[in-house]
Amino acid sequence: MIGARLVEDMTDAERERAQRVDAVLPALRAAAEEADRLGAFPPTHVDLLRDAGLLGLVVPEKFGGLGGTLRDLAAATFAMGTACPSTALAYFFHNTSASRGLLPLEAIDAGLFADDEIAVVRAFAEKVLTRMADGCWLANFASEAIKTAAANITIATTARKVDGGWILQGEKSFGCATGVADYYLTSAKIEGYDTAEGLATFFVPRDAPGVHVRAPWDGLGMRATANNGIRLDEVFIPQDEALAVPGAFTKMLSMSRGSFVGNQLAIAAVYTGCAQNVYDEMLATATKKTFADTGDPIASSPVHQVLIGEMTRQLQTAYLWLRYQLAVETAEPPFKPKQEVFTQWRLGKGAVTEACFQVALGAFKAGGTSAAAMSGVAGRALRDLAMGLVMTFPAERGMLEVARIVTDAKANELFATAPAGADR
């Protein structure tokens, strides 16, 4: 299994789920170049992944899913990343929707909700999970163009209470599977709230009145993700299609093992899979192609040896960070407190994505001008992996946040009580 290159100690159940992923890779790989050229998500991929049962990969079996965990998701997005990074990214965001089901249920078990809130929270959470298991593609729409200094993601979309439900108004600037997903799982702030306590989540049907697709996204990153985003113009959502209990959003996030909703490392696995593929392709070409005068493989030249050595170092750097993060987020019992897991990820995300980009850059250099094509593996990977440098947050922001965490903690150590007799 391709995913076993990342998750090396798979259980039998994980290997069985990984076989489902491997079965779809040839079709993803065959469509990747044309999808990139068109900048369009292949619509046939929805049925492909649905028929394989993979839309319910991380949904517990009791809700009809395959019962996978973050380890399965990381292996799956890594494997898909070796075939078609765009599909892998869109698939990752579909699976992040599961957190809107799993984490509220954990928060209920932890006693975080009042008795009169539990039924509403449970009904919404289970609806998320059963819809995924039944083959619904859910696009997770949170990001917006508006930015604030206090957070990576700022929600300006509003939810106004009306008879029988809610009216949504706003714009989502980033969200894979626009026009592809069956529902847009959309975050909005309830009118009257100015803090995260007022954040709510809504099932927005793709074809609901008032839902408009934004202009086509012509981005530098993964081009076939249907990443256009949406505008919501007075969109009505029924009450039973909403999780609008004040405080529910923050309570559920408190249950995650790591950063945000606890599955963000699987996006870094997409980039690592892409980097592994461009590394393999470059190495295969450089060892097969020979110099006309000596007959020696091009890979034997001093320049290529340096490039290959550096690419290998960078790729292994990505693997080490990713595997360790996966270990700290999935170990039972946990061996690191949540704050340390969070800090680790702020460094790890940047380290992985920067390393993967360097792998693609090395492949670009190794291929020379003859391989510097937009449709070539190196050219596509260079553009695909550029997205990792900025998505969610750049490496520099992660390092800054970690430095503040570390120095603030150290500053607190600068004051201590004096031992008895120290003033003598």
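Above: the structure in question.
Reading guide: rules and limits
- Each chain has its residues counted from 1, running along the sequence as written.
- The predicted nature of this model means local features are confined to residues of pLDDT at least 70 and side-chain atom pairs, given and counted, to a pLDDT of 80 or more, with totals for whole chains, interfaces and linings taken over all residues.
- Note that the side-chain values use all heavy atoms of the structure and ignore hydrogens as well as water.
- For this analysis, a nonpolar core means a set of buried residues of the types Ala, Val, Leu, Ile, Met, Phe, Trp, Tyr and Cys, connected via side-chain atoms within 4.5 Å.
- The buried label goes to any residue with under 20% of its type's maximum accessible area, the exposed label to any with over 50%, and the partly exposed label to all in between, with areas taken from a 1.4 Å probe on protein chains only.
- The helix and strand labels rest on DSSP assignments: H or I over at least four residues marks a helix, E over at least two residues marks a strand, and numbering proceeds from the N terminus.
- Here a residue-residue contact requires only that any non-hydrogen atoms of the pair lie within 4.5 Å.
- Comment: axis = line fitted to C-alpha atoms, over the contacting stretch for helices; angle = value between 0 and 180 degrees taken between N-to-C directions.
- Here is the rule for angles: anything less than 35 degrees is roughly parallel, anything more than 145 is roughly antiparallel, 65 through 115 is roughly perpendicular, and the remaining ranges are oblique.
- For this classification, Asp, Glu, Lys and Arg are treated as charged, while Ala, Val, Leu, Ile, Met, Phe, Trp, Tyr, Cys and Pro are nonpolar and the rest, including Gly, are polar.
- Two strands qualify as a pair provided DSSP detects at least 2 bridges between them.
- When a carboxyl oxygen of Asp or Glu lies within 4 Å of a side-chain nitrogen of Lys or Arg, that pair is called a salt bridge.

Student: Would you mind going over the nonpolar core with me for this structure?
Tutor: Generally speaking, a soluble globular protein has its nonpolar side chains buried in company with each other. Judged by nonpolar contacts, the single largest core of 121 residues is most densely connected at Leu54 and Phe202. Looking at which element gives the most residues to this core, the answer is helix α8 (residues 265-288), with 13 residues. Apart from the residues lying within four places of it in its own chain, the contact partners of Phe202 are Ala159, Trp166, Leu168, Tyr184, Leu185, Thr186, Ala188, Ile237, Glu241 and Ala242.

Student: Explain the environment of Leu66 here, please?
Tutor: Secondary-structure assignment places Leu66 in the loop between α2 (44-51) and α3 (70-83). The exposure class assigned to Leu66 is buried, which follows from its relative accessible area of 16%. Between the C-alpha atom of Leu66 and that of Arg17, which follows or precedes it by 49 residues, the distance is 7.6 Å. Look past the residues within four positions of Leu66 in its chain and what remains in contact with it is Arg17, Arg20, Gly53, Leu54, Gly56, Leu57, Val59 and Glu61.

Student: Where do I start with unusual backbone geometry in this structure?
Tutor: Glycine aside, residues mostly have negative phi angles, and peptide bonds mostly take the trans form. For the peptide bond that leads from Glu332 to Pro333, omega is -5°, which places it in the cis range. Position of Pro333 among the secondary structure elements: in the loop between α9 (302-330) and α10 (338-367). At Ala177, a position not held by glycine, the phi torsion is positive, near 70°. Tracing the backbone shows Ala177 in the loop between β3 (165-172) and β4 (183-190). Classification of Ala177 by relative accessible area gives buried; the value is 2%. Although it is not a glycine, Glu234 adopts a positive phi angle of roughly 55°. Looking at the secondary structure, you find Glu234 in strand β7 (residues 230-238).

Student: Looking at this structure, I do not really get the environment of Ala188. What am I missing?
Tutor: Relative to the helices and strands, Ala188 is located in strand β4. Sequence spacing of Ala188 and Gly170 is 18 residues, and the spatial spacing of their C-alpha atoms is 8.4 Å. Contacts of Ala188, omitting those with residues within four sequence positions, involve Ile155, Thr157, Thr158, Ala159, Leu168, Gly198, Leu199, Ala200 and Phe202.

Student: So what exactly am I meant to see when it comes to the packing of helix α4 (residues 85-96) against α8 here?
Tutor: Remark: α4 packs on α8, axes separated minimally by 9 Å, with the N-to-C direction vectors making an angle of 170°. Comparing the axis directions of α4 and α8 gives the class roughly antiparallel. Residues Pro85, Ala88, Leu89, Phe92 and Phe93 of α4 lie in contact with α8, whose contacting residues are Ala266, Ile267, Val270, Tyr271 and Cys274. Class assignment of the residues belonging to the contact of α4 with α8 gives a composition of 10 nonpolar, no polar and no charged.

Student: When you look at the pairing of β3 in this model, what are you seeing that I'm missing?
Tutor: Within a regular beta strand, the side chains point alternately toward one face of the sheet and then the other, so they alternate between its two faces. Pairing between strand β2 (residues 158-162) and β3: five bridges, direction antiparallel. In the sheet register, Arg160 faces β3, and the bridge partner there is Ile167. Here β2 folds back onto β3, and the loop between the two strands holds two residues, one of which, Gly164, carries a positive phi near 85°. In this sheet, β7 lies alongside β3 in antiparallel orientation, the contact comprising seven bridges. Considered in β7, the bridge of Trp166 is made with Ile237.

Student: Would you mind going over helix α11 (residues 377-386) with me for this structure?
Tutor: Three- or four-residue spacings in an α-helix give side chains the same orientation, since the helix completes a turn every 3.6 residues. The element α11 is extensively covered by neighbouring structure, given that nine of its 10 residues are classed as buried. Listing the buried residues of α11 in full gives Ala378, Gly379, Arg380, Ala381, Leu382, Arg383, Asp384, Leu385 and Ala386. Lining the buried residues of α11 we find α1 (12-38), α4, α8 and α10.

Student: In this structure, what is going on with the pattern of salt bridges? I would like to understand it.
Tutor: When the charged atoms of two side chains with opposite charge come close together, those side chains can pair. Per the counting criterion, the structure on display carries 20 salt bridges. The salt bridge involving Asp280 is made with Arg5; its shortest N-O contact spans 3.2 Å. Here the residue Asp280 occupies a position in helix α8, and Arg5 occupies one in the segment before α1, the gap between them amounting to 275 residues. Take Asp280: its relative accessible area is 29%, and that puts it in the partly exposed class. When salt bridges with common partners are traced through the structure, they connect Asp9, Glu14 and Arg71 into a single cluster.

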